[in-house]
Amino acid sequence: EQINRLSRIIAINQLAVESYRPSPYSGDVSLFRVPRQAAEESSYGWADLVRGELKIFEVPGTHDGFMSAPSVIVIAGELQHLLHAENNIS
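About the thresholds
Chains are numbered independently. Their residues run from 1 in the order of the written sequence. A pLDDT threshold of at least 70 governs which residues receive local features in this predicted model, and a stricter bar of 80 or more applies before side-chain atom pairs are shown or counted, although totals over entire chains, interfaces and linings include all residues. Remark: hydrogens and water are excluded; side-chain values derive from all non-hydrogen atoms of the structure. Segments assigned H or I by DSSP are reported as helices when at least four residues long, segments assigned E as strands when at least two residues long, and all are numbered from the N terminus. Distance and chemistry together define a polar contact, namely a pair of N or O atoms within 3.5 Å, with one atom able to donate a hydrogen and the other to accept it when in protein, and with adjacent residues in sequence counting only for side-chain atoms on both sides. Residue contacts follow a heavy-atom distance rule, with two residues in contact if any of their heavy atoms lie within 4.5 Å. Throughout, exposure labels follow a simple rule: accessible area from a 1.4 Å probe, protein chains only, divided by the maximum for the residue type, with under 20% read as buried, over 50% as exposed, and the rest as partly exposed. DSSP bridges decide pairing: two strands pair if at least two such bridges lie between them.

**Focus: the side chain of R33**
If you trace the backbone, R33 turns up in strand β1 (residues 29-33). A distance of 3.2 Å separates polar atoms of two side chains, one belonging to R33 and the other to E58. Residues within four places of R33 in sequence aside, it is in contact with S42, Y44, I56, F57, E58, V59 and F66.

**A closer look at the pairing of β1**
Among the five residues of β1, four are classified as buried, and the element is accordingly described as predominantly covered. The pairing of β1 with strand β2 (residues 54-58) spans five bridges and is parallel. What sits directly across from S30, in β2, is K55.

**Examining unusual backbone geometry**
Looking along the chain, the bond that leaves A69 and enters P70 is cis, with omega of 5 degrees. Tracing the chain through its elements places P70 in the loop between β2 and α2 (71-86). With a phi close to 55 degrees, Y44 is a non-glycine residue in the positive phi region. Inspection of the secondary structure assignment puts Y44 in the loop between β1 and β2.

Structure representation (structure tokens):
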């Protein structure tokens, strides 16, 4: 029964991925990403969807280690700066 349940979940998730169509977002977006390969598009497609300002922050490390030091330290610092700027906090 557990295998059948997992199989149904995988099928439903696959259907969701295949049928999802992103729509433009009118606000600003802060994109945190690891260093990209030369052939990769720098915004990973976000530039086509964001109608506001798209801020791209390059974070050291790898995608798999994104939520570990040193990446998370850089992300936390940038988020703190962005939140303070948004709320006019010194």
